[in-house]
Amino acid sequence: MRNFECVDNELVIGGVKATEIVKRYGSPVYVTDENAVRNNYHRIYQAFSKRMPTRINYACKSNTNLAVLRILEQEGSCIDAVSIGEIEACLRSGFSPDRILYTGVNVSNAELKAVVSKGVPINIDSFSELERLSKITTNHTISFRVNPEVGSGHHDKVITGKRSTKFGIPKHQIIDAYKRAVELGFKPSGIHAHIGSGGQKVEPFIELIDELIKIVQELETIGIDLRFIDIGGGIGIPYRLDEVEMDLDKMAEEITSRIKSKTKVKEIIIEPGRYIIADSTILLATVVDIKETPDKMYAGIDAGFNTLIRPAMYDSYHHVAVANKFGDKAEETYSLGGPICETGDVMAKDRELPKVEEGDIIAVYDAGAYGFTMASNYNMRPLPREVLVKDGEVTLIRESETIEELFRHQRIPSRLML
Ligand SMILES: Cc1ncc(COP(=O)(O)O)c(C=O)c1O
Ligand SMILES: N[C@@H](CCCC[NH3+])C(=O)O
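The structure displayed is predicted, hence computed values, not measured ones.

1. As for the overall build of the chain
- The helix and strand inventory of the chain stands at 11 helices and 21 strands.
- Relative to the compact-globule value of 22 Å for 418 residues, the chain shows a C-alpha radius of gyration of 23 Å, a close match.
- Overall, the chain is about 70 × 65 × 40 Å in size when its C-alpha atoms are taken along their principal axes.
- In the chain, 69% of the contacts between residues at least 6 apart in sequence involve partners at least 24 apart.

2. Side note on the sheet that holds strand 1 (residues 5-7)
- Taken in spatial order, the 3 strands of this open sheet run 1-2-3, and their pairing is antiparallel. Each end of this open sheet is capped by a strand with a single partner; those strands are strand 1 and strand 3 (16-17).
- As defined by bridge partners, strand 1 adjoins strand 2 (residues 10-13) across 3 bridges and the pair is classed as antiparallel. Its bridge partner being in strand 2, Cys6 is matched across the sheet by Leu11.

3. Focus on helix 2 (residues 34-49)
- Relative to the 22 Å expected for 16 residues at 1.5 Å per residue, helix 2 spans 22 Å between its end C-alpha atoms, a close match to the ideal helical length.
- Every buried residue belonging to helix 2 is among Glu34, Ala36, Val37, Asn40, Tyr41, Ile44 and Phe48, and all of these are buried.

4. Some points on the site of ligand 1
- In the region of ligand 1, 18 residues are neighbours, and Ala59, Ser197, Gly233, Gly273 and Arg274 sit closest.
- Its residues assigned to classes, the shell around ligand 1 comprises 5 nonpolar, 10 polar and 3 charged.

Cut-off values and rules
Residues numbered from 1 in each chain as written. Chains lettered and ligands numbered in written order. Predicted model: local features only at pLDDT ≥ 70, side-chain atom pairs only at ≥ 80, totals over all residues. Helix = DSSP H or I, 4+ residues; strand = E, 2+ residues; numbered from the N terminus. Rg over C-alpha atoms; globule rule 2.2 N^0.38 Å. Contact = placed C-beta atoms within 7 Å. Pairing = 2+ DSSP bridges. Expected span 1.5 Å × (residues − 1). Buried ≥ 20, exposed ≤ 12 C-beta atoms within 10 Å, placed from the backbone. Near = placed C-beta within 6 Å. Nonpolar A, V, L, I, M, F, W, Y, C, P; charged D, E, K, R; others polar.

So far we have only geometry, and geometry alone does not tell us how the molecule works.
Here's what the structure looks like:
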């Protein structure tokens with residue numbers, strides 16, 4: 001969580017007052033600070049690259065805005081993509097196919113063919129996918145995702161590495177997968193696992209690397225030498241004031257020292273999404289309604305789980321502040337309800353805030369990862385704008401949808417028009 005500048009009692013991001021942004025672009029609006037994205041990328045890249053050759057595959061499912069992708073392309077990042085749509089976004093943003101690694105789950109033949117045709121390396125998730133790919137081509141760069149039976153994450157729904165989840169090749173079958181790939185004519189280049197998202201502890205990553213190293217060593221004894229180990233993403237960030245950042249330096253040291261001393265592997269890949277983009281972005285919303293119930297004060301805002309679903313979906317905590325009363329002391333406890341017709345549509349529960357009035361601007365922190373990318377049109381509400389701020393300048397990077405656009409894919413059969 002970032003410490004934002006306070007000027008004239010107002011929250012300032014990237015040199016621009018939040019109120020100015022809302023005046024110009026309306027609300028709700030996602031605001032991304034370009035310098036923060038660049039700095040986050042550097043921090044994680046440096047932590048690992050000073051120890052061994054490192055590749056950052058930014059997990060673009062966290063935020064696929066093309067401007068964000070351009071920034072990361074300029075920084076030298078590579079990409080973790082999960083769909084042909086994400087691949088297309090990255091190609092359009094200037095990433096060459098070899099800078100993208102496709103890790104799908106339950107991949108259809110149509111998608112496999114499309115990924116092959118784009119020349120993007122494939123990280124295979126199942127025996128079925130391997131066999132189906134071999135019928136399309138065996139002249140393609142592949143690696144395997146293993147289920148390491150090590151899991152971690154901020155919520156049960158986002159822990160991927162536990163035994164028996166839908167992800168990866170079961171640990172006890174992974175050696176056979178490599179043998180089969182070689183038999184089919186492939187030359188597997190690496191191994192991948194992802195334990196889950198948003199964990200704040202280093203230990204699961206150490207457990208993971210120990211598991212991956214055991215597999216790599218066994219492969220080396222049968223003559224299959226891998227170029228890279230990809231430890232996936234999942235590095236959490238402090239969403240609460242009293243949380244501390246995970247010790248990235250310790251994580252990097254523990255992992256890289258083991259790889260270097262125990263395997264022939266030459267490169268580590270990390271796939272951070274949240275770490276790079278979450279705290280770069282705030283969501284600005286306007287207070288439209290105040291309601292006092294017998295037990296609670298609600299401040300009603302114009303952003304609900306259609307705009308940011310994490311609180312409703314995972315009970316996630318996002319820090320909130322009144323951007324136009326940024327220096328004021330807290331006076332009352334409010335819950336921030338959204339405009340969606342569901343009881344669970346509460347962005348923030350029981351927060352101590354300055355006196356909130358209609359027209360105030362609420363800043364929802366750490367909204368850059370899995371914010372816009374998980375937004376929806378539920379209740380027929382158009383998707384919001386996104387803007388980029390840098391050194392006092394604001395640029396629109398996504399226009400909001402219009403009501404008209406909500407109808408563009410619907411068709412009414414003519415017989416219903418009679
Ligand atoms: C395969 C893979 N890699 C990387 C990530 C990125 O995770 P995070 O945003 O927690 O770093 C995800 C999402 O959990 C993922 O599924
Ligand atoms: N969407 C989740 C993270 C899951 C990442 C995708 N594997 C979140 O908002 O925390």
